[in-house]
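Notes for the structure review
Here are the chains, one letter per residue:
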Amino acid sequence: MNQTKPRTKRREYPSAQLSGSYYDSSNAQPVPNPNVSNSQEPQYETNTEGNMLQPAMVSLMRPDVNSLHSSISQIKQPAYVHTLVPSTDDKIGEADYMFSSMTVIPRLRSTFEKLHAPLSITLRPFNPMHEETVHHIHGAELFRCRWCGAFITSFVEFNADRTTFLCSACALENKIPNAANLSGISCVQPNPNLQYTLAEYTGIRNGRALYSRAMRPPTFVFIIDVTLQATQVSVLHVLKDAISSSINDLKESFRLVSVAFILVADNVSLLVPTTKDTLEQIVLPDLDDFFLPYPVEHFLLDLNTQSKAIASFLNNLPSFGTTSSSLCLGNALEACKELLSNGGGKTLCFLSSLPNLGSSALAVRDSVATLNSVEESNILLPKTDYYKNIALDFADQYISSDLFVFGASYHDVKTLEALPQLTGGKLHCYFDWNAATDNCTDALHKDLRFSLTSLNALGCLITVTPPKNIKLHCVHGNVYRRAINKCSIPYVSCDQTVVFEFEFEGSLNPKQFATFQIQLLYTSPYTGQKTLRLFTYAAAINEDMLSLYSGMDSFPLFHNYLETSFAETQSKALTDIRTMLSHRLCDFFNAYKKNTQLRHPFSSIVVPNAIQRFPLLIHALLRNTALRYATNIPSDFRSCLWFHLSTATLKRLRFLIYPLCVSLIEFSKNDFTTPHPVPLLFECMRSDNAYLLFDGISLYLIVRKDVTPDVLVSVLQKDVIPEVFGGKVNFSLKSIKFVQQIDDFVHKVIDEAMCTSLPNVIVVRESNTSSLWNWIRQSLLESSFKLFPGYSNFLQLLDTQKVNFRNSHSS
Ligand SMILES: [Zn+2]
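This report concerns the structure included in the present document.

Parameters and conventions
Residues numbered from 1 in each chain as written. Predicted model: local features only at pLDDT ≥ 70, side-chain atom pairs only at ≥ 80, totals over all residues. Heavy atoms only, no water. Helix = DSSP H or I, 4+ residues; strand = E, 2+ residues; numbered from the N terminus. Contact = heavy atoms within 4.5 Å. Core = buried A, V, L, I, M, F, W, Y, C linked by side-chain atoms within 4.5 Å. Buried < 20%, exposed > 50% of the residue type's maximum accessible area, 1.4 Å probe, protein only. Domains from an automatic or database assignment. Phe/Tyr/Trp six-rings, centres within 6.5 Å; stacked < 30°, edge-to-face > 60°. Lys NZ or Arg CZ within 6 Å of the ring centre and 35° of its normal. Pairing = 2+ DSSP bridges. Axes fitted to C-alpha atoms, helices over the stretch in contact; angles between N-to-C directions. Salt bridge = Lys/Arg side-chain N within 4 Å of Asp/Glu carboxyl O. Left-handed = near helix turned anticlockwise from the far one by under 90°. Nonpolar A, V, L, I, M, F, W, Y, C, P; charged D, E, K, R; others polar. Parallel < 35°, antiparallel > 145°, perpendicular 65-115°, else oblique.

Some remarks on the overall build of the protein
Secondary structure assignment for the protein yields 27 helices and 32 strands. Across the protein, the fraction of contacts at a sequence separation of at least 24, relative to all contacts at a separation of at least 6, is 75%.

So, the nonpolar core
A general tendency of soluble globular proteins is for nonpolar side chains to be buried together. If you look at the biggest cluster of nonpolar residues, it comprises 150 residues, and the most contacted ones within it are F500 and F589. The element contributing the most residues to this core is helix α18 (residues 574–596), with nine residues. Two domains each provide a minimum of three residues to this core, namely domain 1 (219–453) and domain 2 (659–780). Here F500 is in contact with L119, S120, I121, L123, I462, V464, L472, C474, V475, C487 and I518, once residues within four sequence places are set aside. Of all hydrophobic cores here, the second largest spans 46 residues; its members include F254, F261, L303 and L317.

Here's the deal with the packing of aromatic side chains
Considering all chains together, one arrives at 31 aromatic pairs under this definition. Judged by centre distance (6.0 Å) and plane angle (65 degrees), the rings of F589 and F602 are edge-to-face. Highlighted residues: F589 in helix α18 and F602 in the loop between α18 and β27 (606–608), separated in sequence by 13 residues. By the burial criterion, F589 is buried, and F602 matches it. Plain terms: the ring middles of F667 and F745 are 5.2 Å apart, the flat faces sit at 80 degrees to each other, and that makes the pair edge-to-face. Here F667, found in helix α22 (residues 664–669), pairs with F745, found in helix α25 (residues 740–752); they are 78 residues apart in sequence, far enough to count as distant. Joined through ring pairs, the aromatic side chains of Y549, Y561, F588, F589, Y592, F602 and F614 make up one cluster. The residue whose ring lies beneath K728 is F731, and the NZ or CZ to ring-centre distance is 4.6 Å. Taking NZ or CZ as reference, R777 lies 3.6 Å from the ring centre of F682, over its face.

So, the sheet that holds strand β30 (residues 699–703)
An order of β28-β29-β30-β32-β31 is seen for the five strands of this open sheet, with the pairing classed as mixed. The outermost strands of the open sheet, each flanked by one partner alone, are β28 (660–663) and β31 (730–731). Both strand β29 (residues 690–694) and β30 contribute to a ladder of five bridges, which runs antiparallel. The residue bridging F694 from the neighbouring strand is L699, located in β30. Contacting β28, β29 and β30, α25 crosses the sheet at an angle of about 25 degrees to β29.

What to know about the sheet that holds strand β24 (residues 498–504)
Spatially, the four strands line up as an open sheet ordered β4-β6-β24-β21, and their pairing is antiparallel. Strands at the two margins of the open sheet, each flanked by one partner only, are β4 (98–100) and β21 (470–476). Looking at each pair of strands side by side, their axes are set apart by 25 degrees on average, direction ignored. Sheet contacts for helix α17 (residues 554–568): β4, β6 (119–123), β21 and β24; angle to β24, the most-contacted strand, approximately 95 degrees.

Some points on the environment of L772
Residue placement: L772 occurs in helix α26 (residues 771–780). Taking relative accessible area as the criterion, L772 reaches 26% and is therefore assigned partly exposed. Spatially, the C-alpha atoms of L772 and I762 are 9.6 Å apart, while their sequence positions differ by ten residues. Excluding residues within four positions of it along the chain, L772 makes contact with V729, I762, V763 and V764.

Describing the pattern of salt bridges
Taken as a whole and judged by the stated rule, the model has 18 salt bridges. Salt-bridge contacts for K471 lead to E503; the nearest nitrogen and oxygen are separated by 3.4 Å. Taken together, the residues span a long stretch of sequence, with K471 in strand β21 and E503 in strand β24 at a distance of 32 residues. Note on K471: relative accessible area 31%, which makes it partly exposed. Ionic pairing is found between E568 and K572, a salt bridge with its closest N-O pair at 3.1 Å. Using a relative accessible area of 31% as the deciding quantity, one classes K572 as partly exposed.

Looking at the packing of α17 against helix α19 (residues 614–623)
As a packed pair, α17 and α19 sit with axes 9 Å apart at the nearest point and diverge in direction by 35 degrees. Crossing of α17 against α19: the hand is right-handed. On the side of α17, the interface is formed by S554, F555, L557, F558, Y561 and L562, while α19 contributes F614, L617, I618 and L621. Counted by class, the contact of α17 with α19 contains nine nonpolar, one polar and no charged residues.

Topic: unusual backbone geometry
Phi is positive for D412, which is not a glycine, with a value near 55 degrees. Here D412 is to be found in the loop between β18 (399–406) and α13 (413–416). Residue class for D412 comes out buried when judged on its relative accessible area of 1%. Even without glycine at this site, Q597 takes up a positive phi of about 55 degrees. Here Q597 shows up in the loop between α18 and β27.

Regarding the packing of α18 against helix α27 (residues 791–800)
The geometry of α18 relative to α27 is characterised by a closest axis approach of 10 Å and an angle of 75 degrees between their N-to-C directions. Considering their axes alone, α18 and α27 lie roughly perpendicular with respect to each other. Every residue of α27 that contacts α18 at S582, L585, C586 and K593 is listed here: F794, L798 and D799. For the contact of α18 with α27, the per-class residue count stands at four nonpolar, one polar and two charged.

See below:
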């Protein structure tokens, strides 16, 4: 008997999370449940109201930064749910698959409207770190509600004679199709197949319900820019090696896999096999009246049988470089659409120049003059709908598109990003591309390998079934919304995140829970098998305002605001987005004050722990390079950052939004136990200390002005110290030589932030003349510069509604 297991498990949830402590009734002793077949699994006693703890209230002023970097609370079923459905070994609470802005929701629509807060679920469909916690069930018989299509879960209610049941989502009556098969479901003893928050079903017996389109085995089309610019920056040489080596990984990952190559400059050419060992380049004749000269199968090369021909072509790739400066990318994308029209696939597009030919032509919009004007953010709007439309066609055909952009020249990333954004793709920008450095080539190798082999699902169709009177309002993330409650991701990789936002259409049934069901129907890239992944989430229903606020969660709330802002970048200038964000934050806390009858200013109100971090995160987003007012940030760089923010998993987002900063000297003094993060405040950084700062992309070693070389002896190996003090700035992580404990810590953090490649170590020595130090102070540290209000100042400005980020620069 393992009676203490669930209690230990619960204690692992961050204690600061009020939603956790609120439900974590100390009186609820786990007792063994004789009805459950696996007698090791205990059941909880029913909570009574008397057991509820009063939420601890905290000031809205600066939250502990440690709470930003400790784990984010997962969606977990409230304790009542555990009383009905024994939690068994349902480990979703420990793995980051699903988060919600509200774990307690109101019953009445009017109460929901009073909250001025979004109800959203952040879903990460696949998480390789925790896939072992998914329950795989083979050959089950599943039933769906005939009214709303939701699968039957343990939350259904039966009538007295057990001939019908009420669907847990729409609350309409269904006849039990086969009483014998459903006998396992009851509130006391659920059918083991249905009791998990996250379960995956294969070989479902009544498979008619699982219609989805046929996908072909993993297929990758490489679109390679062979213009003069590509040759000039030596991209083709590096691609030759990178594609060759990742193709070998592909062969190891998938049993069946095919590839195709499209070369593009002022014309489009495809590669076809002539003999067994060679490929021939065929130039597509007419750009305006475009057709494929052979059947599609002719261009799709089988990686197992045609590997010799592919290897010999890749070996010669640099010789395909042309002298043309024109790029007709649109025609290459059209060719790709034809190639993958029947069964989907993925395109990887390598761009070294701006598409400037044909209907897809773009022009240079970014210049020093526009950057310095008040209209700085208008160039961040997409220029044409061409790429959006072709991306929609791609998504419709289950074609995903990854974009690789090389060099600092202007690429109009904002317009091109529609390609990955609508098709579940990735955007990789190498602005400081230099083929001669290992850093650049390593990064490309790793990103490419990740693009090709991190595949979890093909042709994923997501269906969301919210409870009755709650409607799916919008979907964020790089997905394609097909219908009211359906969206799709062509090729799903393990770091994909989707945000579903809901709205109330009426009031909920007076029940204990509101159940949300998310179904993922996909084809496995490894076995070709149709698979159904089912996420079920039961939110507690409560009308008490304080319970509702205590059940919220800062990170998913923030994630919703971030995604909404990103969606607005398609049509709004950055100044308007900054204003919108601060107004929404004001709205939220004004509503909070009204609902809880508090009258103090923001800087002195108390709030439940669960929402304390929220304004700090918004403040950090407003300061982020993607969004803050500045006249010297290239628009491509901003667009790329926005894209990364909007597609990152929550774990990675923590670093991108609020970089992790630790004191190196404290670290070594405390026997290298993991140090407490330092707030990103100039005042908190001692002048005789050195700091490590990680923003999810780069690792900074910040050496303040009074640090002497001997101070660094305990953290750096001796031979590096003269180099650090000698003015060298860029180090690879290997060459910086931290002592072992710090090296371990750094690697742990890099893993958590899901970096595909190792970051560089950038050494920043404090001095008034160092532009790097000034940049760190202004953009990463929350400083008292006039450019941006510090956090306390920000709260006061919110009170007076005077936050105006457009003019804060000139004031
Ligand atoms: Zn239903």
